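So you can see what is in the structure, the chains are spelled out below.
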Amino acid sequence: MKKHFLLFLFITATLQVFAQTYRLSGKITDGDNRPVAFTAVYIRNSTYGTTANEEGEYEFKLSPGTYNVVYRNVGHLERVEKVTITNHNEELNMHLVREEFTLDADISKEDSAAVNRANAIMQNVIAKRAYYLNEVNGYSCVAYVKGVQRLVGAPKNLMNKSVSQVIQVDTGRRGMFYQSESLSKYDFQNPDRVKEVMIASKTAGQSAAFSYNKASDLQLNFYKNKLDITGLSNRSFLSPLADNAMSFYDYKLVGTSIKSGHKIDKIQIIPKREHAAAYRGYLYIVEGDWRIYSVDFYIVKKVNINFVDTLQITQQYIPVKDNIWLPIASRFDFQGNVLGFKFDGYYLSLYNNYQVNPDFKKGHFNGEVLRIDTQANTKGNRYWANERPMPLTEFEARDYRYKDSLAKIRSTEPYQDSLERARNGISWLSNTIFGYQYYKRNTRESFYLNPLHELVFYNTVEGVGISLRGTYLKGLDDGRYFTISPALRYGFANNTFNMNVGATYNYNPAKQGVWMARAGTDVLDLNYVSTRSLFFNTLSTLLSERNYIKLYRTKYGLVGWQQEVANGVLLNGQLSYAERQQMYNTSFNHIKNNPDRQYTANNPLAEPDYIESQLFPTNQALTLRASVTFTFRQQYITRPEGKFYEPSIFPKLRVNYRKGINKVFGSDVNYDFASVDVFDDRMRIGLLGHSAFKVTAGTFLNRKSLYYVDYNHFLGNQGTVFNPTIGNFHFLDFYNYSTDRSFVEAHYEHNFGGSLLNRIPLIRKLKLEELIGVNYLTQANRKNYSGVGDNPLIQRGRGNYSEFFVGVQRFIFRVDYGFSFEGSHKLMQGFRIFYGLR
């Protein structure tokens, strides 16, 4: 607490500069008396400044003295005004003149000279790229981040009264979706170490909420070859300063100008390919130094971006120390149209009080990229009026007043009670698909009932059955909670009732510390890692006589534990005791009889496959499972409501061990199994999208006594609907490849992010992403097929299974077409789909 209090004092002192300060404010307009929005205003030879708001209004605090105040905006002549602050506030309005960039007499905008000169400039800039990228080892600053999202137009028939009230829509169907701001201390160490501490946060109408603003998300460094913008695209965007940029961009010199003694070149940036993942716009270069002066880029929807139609990126750099230039302001402006709802907005970050190359203590960059102080959202209106570096517009101030007053009403007990009643109401459609949840806010309790479509099921072992599952959750202090999960299941054909109950206790959320236990009876899939849902298995069984899943009954008890013992090192352990009993088909119903097909036995290895036979005798098993997962250079965000992990730039490594313990409590098993997983579900490949892969190698070190349930099983799939998570097969039989020998499996897929289909005029409007991939499995002592046709040759040895597929996806919807082979023999081919449910 003391540490955060001192940090709060540091930021407050930084923003106020000195103890006794007075306000310098005014409005910035152009020659037509129109506001010049987002003009940078800063004190020359310092790193203290601000930015005007959208109405051109600015203000910041200065102690008594004389200052050279710089007013700077892309496209306007820079002005420097000498201002003396005495013992009262000062108002200084400013007019900026549109800047004319001129060309030398021997260069015409219409001939190739402007292009040749631009290419010569950019060759110098690209040559200095790596130098400026690594010029600064690190820095600290104070970051102010503001986000605004607005509705600027909407279909009249969709704007009902309740929607209009929530976003304060005017008669023109315009209103504010979202408004937030935050103050943070931001530390950076080259090349990519970040630590941000958010000390103040405000979101319109959400007094209990914490802003999701993150200064690092707005820190695009165009000295890097490639840049990623989270959520905007699966592809990286090539910087116009990249080493190979001249193969992707054309450049044209628009003109030059003199600013603060520096000659500034204005270069137009033009992608060579219209639909490439590239920027458009203007780059301003300090001639001679060949460094960035300012940036005015934009990205358009034709390059296949998500959520918005246009994104504009502006940056302004200033000298902060010894001819070192860093951004004083960055801004993302966006606009879009979704189903007739037109929106726009911006995210802006201001940087003050740079400290270049500070001496960070060892361990300062410990993986925590953002920490939000628990008191960050308690700062009141007076605090923000004093510390906010950019004044609110009248529209923004009105939005705060309206939504904050509305939030007070919504925080009252009567309103919360009515909201809770509405939330806990019955919705048959929603409850059928997603389940039902009953919530009590005062006691932090909830009860969840599984979706209604899972209530009644059918399979050939139990016949028609009922499955009722629910979860009770109790929230505790410090993010801790416990759950109790009962489950009831009854099959009418075999007249078997099963009941079990589980419990979890999340005792240390910050370190993923969990205890869990479960005991009772249940019907489980023989393949414990891959199964079909009750709903989809019911459909495939009754409609097409395909009883894919094979079941057994167990009476069991287990306890488990997991915790992160160090950042990026997660331990997991489980001890279970079970009696396993084979089950057999007892029901053969169907909706439509297919004379060419019949139900297969519940023994997946039966020969012929429709005659029941014994797979294993009833047995007891005491089993120990343990794993350790390494996330290298794990990064995370600490929010008051918990710890949230960021994707790692390195693959993860997991080591697994499973032991069947013999002669304890009558246990019949005696085996040792070990495996290693290396995986990465999002590996950036640059302009061509991203890849995902998983490689697993495993073996039984000892297999003196084990049963089919104890084999290593794989994530197979035998239906049209599949699981797209990396590590799953498209066509692999659930059971026939399960093994008690050594194996290696590998999975790889690549998402091109639309870079191929985006070249086709009509298809590009769908914003589809193309995928290709392969899945592979090799096992010891398995039949291997070679040759082609209906009579392939069979060889005993290491069997190889492979799949190749191509596909397209959009958000959660995905369609693949693939082929599967055993050896060189083709097994099958077909479509696989995913739409959020399995």
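Quick caveat: nothing in here was measured; it's all calculated off a predicted structure. (Residues numbered from 1 in each chain as written. Predicted model: local features only at pLDDT ≥ 70, side-chain atom pairs only at ≥ 80, totals over all residues. Heavy atoms only, no water.)

## What to know about the overall build of the chain
Going by this rule: Strands are runs of DSSP state E lasting at least two residues, helices are runs of H or I lasting at least four, and both sets are numbered from the N terminus onward. The cut-offs for exposure are 20% and 50% of the maximum accessible area for each residue type, with area from a 1.4 Å probe on protein chains only; residues under the lower value are buried, those over the upper are exposed, and the others partly exposed. Contact criterion: two residues are considered in contact whenever any of their non-hydrogen atoms come within 4.5 Å of each other. In this description, accessible areas are obtained by the Shrake-Rupley approach with a 1.4 Å probe, and a residue is regarded as covered only by the protein chains that are shown. Note on charges: Lys and Arg go in the positive column, Asp and Glu in the negative column, and His and the chain ends are not counted at all. In this description, the location of a charge corresponds to atom NZ of lysine, CZ of arginine, CG of aspartate or CD of glutamate.
A count of helices and strands for the chain gives 8 helices and 41 strands. In terms of principal-axis extent, the alpha carbons of the chain reach across some 95 × 65 × 60 Å. Looking at the 838 residues of the chain, the share that counts as buried comes to 50%. Partitioning the contacts of the chain with sequence separation of at least 6, the portion at a separation of at least 24 is 62%. As displayed, the chain has an accessible area near 39300 Å², and 56% of this comes from carbon and sulfur atoms. Positive and negative side-chain charges of the chain, numbering 100 and 78 respectively, have mean locations separated by a distance of 3 Å.

## Side note on the nonpolar core
Inside soluble globular proteins, nonpolar side chains tend to come together where they are buried. Rules: For this analysis, a nonpolar core means a set of buried residues of the types Ala, Val, Leu, Ile, Met, Phe, Trp, Tyr and Cys, connected via side-chain atoms within 4.5 Å.
Ranked by internal contacts, the top residues of the largest apolar core, which has 87 residues, are Phe222, Tyr279, Leu283 and Ile299. Of the residues forming this core, the biggest block, 8 residues, is contributed by helix 2 (residues 112-133). Membership of the second largest hydrophobic core comes to 30 residues, among which are Phe616, Phe700, Tyr711 and Phe714.

## A word on the side chain of Ser239
Residue position: Ser239 is located in the loop between strand 13 (237-238) and strand 14 (249-259). When sequence neighbours within four positions are dropped, the list of residues in contact with Ser239 reads Phe222, Lys224, Asn225, Leu227, Ala245, Tyr249 and Tyr279.

## Digging into the pairing of strand 25 (residues 463-475)
Note the following rule: Here, any two strands with at least 2 DSSP bridges between them count as paired.
With 5 bridges connecting them, strand 23 (residues 445-449) and strand 25 associate as antiparallel partners. From the neighbouring strand, Phe447 faces strand 25, where its bridge partner is Tyr472. Here 4 bridges tie strand 24 (residues 456-459) to strand 25, and the two strands are oriented antiparallel to one another. Bridge pairing links Asn459 to Gly463 in strand 25. In this antiparallel pair of consecutive strands, strand 24 and strand 25, the connection spans 3 residues. Both strand 25 and strand 26 (residues 481-491) contribute to a ladder of 9 bridges, which runs antiparallel. Among the inter-strand pairings, Gly465 is bridged to a residue of strand 26, identified as Gly491. Turn length for the strand 25-strand 26 hairpin, with the two strands adjacent in sequence and antiparallel, is 5 residues, and the turn residue Asp478 shows positive phi of about 60 degrees.

## Things to note about unusual backbone geometry
Here the residue pair Asn190 and Pro191 is connected by a cis peptide bond, since its omega of 5 degrees sits within 30 degrees of zero. Within the fold, Pro191 resides in the loop between strand 10 (175-189) and strand 11 (193-203). Of note, the amide linkage connecting Glu607 to Pro608 takes the cis form, showing an omega dihedral of -5 degrees. Structurally, Pro608 is set in the loop between strand 30 (569-582) and strand 31 (619-631). Positioned with a positive phi, Asp322 is a non-glycine residue whose angle comes to about 45 degrees.

## A word on the sheet that holds strand 6 (residues 79-85)
Remark on secondary structure: sheet strands pair via backbone hydrogen bonds, oriented parallel or antiparallel. We count it as follows: Note on method: axes are straight lines fitted to C-alpha atoms, helices fitted across the in-contact stretch only, with angles between N-to-C directions ranging 0 to 180 degrees.
Read from one edge to the other, the open sheet built from 4 strands follows the order 3-2-5-6, with strand pairing classed as antiparallel. Here the strands that pair on one side only, and so sit at the sheet edges, are strand 3 (49-51) and strand 6. When strand polarity is set aside, the average angle formed by the axes of neighbouring strands in this sheet is 20 degrees. Pairing geometry for strand 5 (residues 65-72) and strand 6, over 7 bridges, is antiparallel. Bridge pairing in strand 6 links Thr66 to Thr84.

## Considerations on a nonpolar patch on the surface
Heads up, the condition is: Patch membership is restricted to residues that have no salt bridge and whose relative accessible area is over 30%. Joining uses 9 Å for like charges and 5 Å for the nonpolar side chains Val, Leu, Ile, Met, Phe, Trp and Tyr. Any Lys or Arg side-chain nitrogen located within 4 Å of an Asp or Glu carboxyl oxygen qualifies as a salt bridge.
Residues Phe307, Phe811, Ile812, Phe813 and Tyr835 make up a contiguous nonpolar surface patch of roughly 540 Å² in combined accessible area. In this fold, Tyr835 is placed in the segment after strand 41 (825-834). Classification of Tyr835 by relative accessible area gives partly exposed; the value is 33%.

## Examining the environment of Tyr436
Relative to the elements of secondary structure, Tyr436 occurs in strand 22 (residues 436-440). Among the residues examined, Tyr436 registers a relative accessible area of 18% and is labelled buried. Each C-alpha atom of the pair Tyr436 and Asn337 lies 33 Å from the other, and the pair is 99 residues apart in sequence. When sequence neighbours within four positions are dropped, the list of residues in contact with Tyr436 reads Asn424, Gly425, Ile426, Asn431, Phe447, Tyr448 and Leu449.

## Thoughts on helix 8 (residues 534-544)
Residues of helix 8 that are buried: Leu534, Phe536, Asn537, Thr538, Ser540, Thr541 and Leu542. Remark: Glu545 follows helix 8 within two positions and exhibits a positive phi of approximately 55 degrees.

## Things to note about the layout of surface pockets
Condition: Residues are called lining when one of their atoms sits within 4 Å of a cavity or pocket point, these points coming from a 1 Å grid over the protein atoms alone, where a cavity is a set in which a 1.4 Å probe fits but cannot get out and a pocket is an open set with protein on both sides within 12 Å along at least five of seven lines. Grid points are joined across faces, edges and corners, and a volume is the space filled by probe spheres set on the points. For this classification, the nonpolar set comprises Ala, Val, Leu, Ile, Met, Phe, Trp, Tyr, Cys and Pro, the charged set comprises Asp, Glu, Lys and Arg, and every other residue, Gly included, is treated as polar.
A volume near 1400 Å³ is recorded for the second largest pocket. At the level of elements, strand 38 (769-786), strand 39 (793-810), strand 40 (813-822) and strand 41 are the ones that each hand at least two residues to the lining of the second largest pocket. Ranked by residue count, the leading element in the lining of the second largest pocket is strand 38, at 6 residues. Here the residues of the lining of the second largest pocket sort into 16 nonpolar, 12 polar and 14 charged.

## Topic: the pairing of strand 36 (residues 690-705)
Here strand 35 (residues 670-684) pairs with strand 36 via 13 bridges, running antiparallel. Each bridged residue has a counterpart across the sheet, and for Ser675 the counterpart in strand 36 is Gly698. A loop of 5 residues connects strand 35 with strand 36, the two strands running antiparallel in sequence, and Gly686 in this loop sits at a positive phi of about 90 degrees. In this sheet, strand 37 (residues 743-751) lies alongside strand 36 in antiparallel orientation, the contact comprising 9 bridges. Bridge pairing in strand 37 links Thr696 to Glu745.

## Focus: the pattern of salt bridges
Inspection of the entire model under this criterion finds 43 salt bridges. In this structure, Glu135 engages Arg291 in a salt bridge whose closest nitrogen and oxygen atoms are separated by 3.9 Å. On the criterion of sequence distance, the pair formed by Glu135 in the loop between helix 2 and strand 9 (138-153) and Arg291 in strand 17 (residues 291-300) is long-range, its members being 156 residues apart. A relative accessible area of 3% means that Arg291 is categorised as buried. Note that Arg741 is salt-bridged to Asp740, the shortest N-O span being 3.4 Å. Its relative accessible area of 16% is what places Asp740 among the buried residues. Each of Glu413, Asp417, Glu420 and Arg441 takes part in one network of salt bridges that share partners.

## Description of the side chain of Arg810
Stated formally: As used in this structure description, the phrase polar contact means that two N or O atoms lie within 3.5 Å; if the pair is within protein, one of them must be able to donate a hydrogen and the other to accept it, and residues adjacent in sequence are counted only when both atoms belong to side chains.
The topology assignment puts Arg810 in strand 39. Side-chain polar atoms of Arg810 contact the backbone oxygen of Lys767, separated by 3.5 Å.

## Some thoughts on the packing of aromatic side chains
Two aromatic rings are characterised by how far apart their centres lie and by the angle between their planes. Inclusion rule: Pairing of aromatic rings covers Phe, Tyr and the six-membered ring of Trp, with a centre-to-centre limit of 6.5 Å; geometry is then stacked below 30 degrees between planes, edge-to-face above 60, and tilted otherwise. Each ring is checked for a lysine NZ or an arginine CZ that lies within 6 Å of its centre and within 35 degrees of its normal; such an atom marks a charge sitting over the ring.
Under the counting rule described, the total for this entry stands at 43 aromatic pairs. Considering the side-chain rings of Tyr383 and Trp384, the 5.6 Å spacing of their centres and the 90 degrees angle between planes classify their relative orientation as edge-to-face. Residue classification places Trp384 among the buried residues on the basis of a relative accessible area of 0%. Put simply, the rings of Tyr139, Tyr186, Phe188, Tyr351 and Tyr354 pair up and form one aromatic cluster. Across from the ring centre of Tyr439, 4.4 Å away, lies the NZ or CZ of Arg423, which sits over that ring. Seen from the ring of Phe811, Arg810 lies directly overhead, with NZ or CZ sitting 4.1 Å from the centre.

## Topic: the confidence of the model for the chain
So the rule is basically this: The pLDDT value tells you how sure the predictor is about a given residue, anywhere from 0 up to 100.
Residue-level pLDDT values for the chain average 90, and 92% of them are 70 or greater. Scored below 50 in pLDDT, residues 1-6 makes 4 contacts in the model with residues more than four places away or belonging to other chains.

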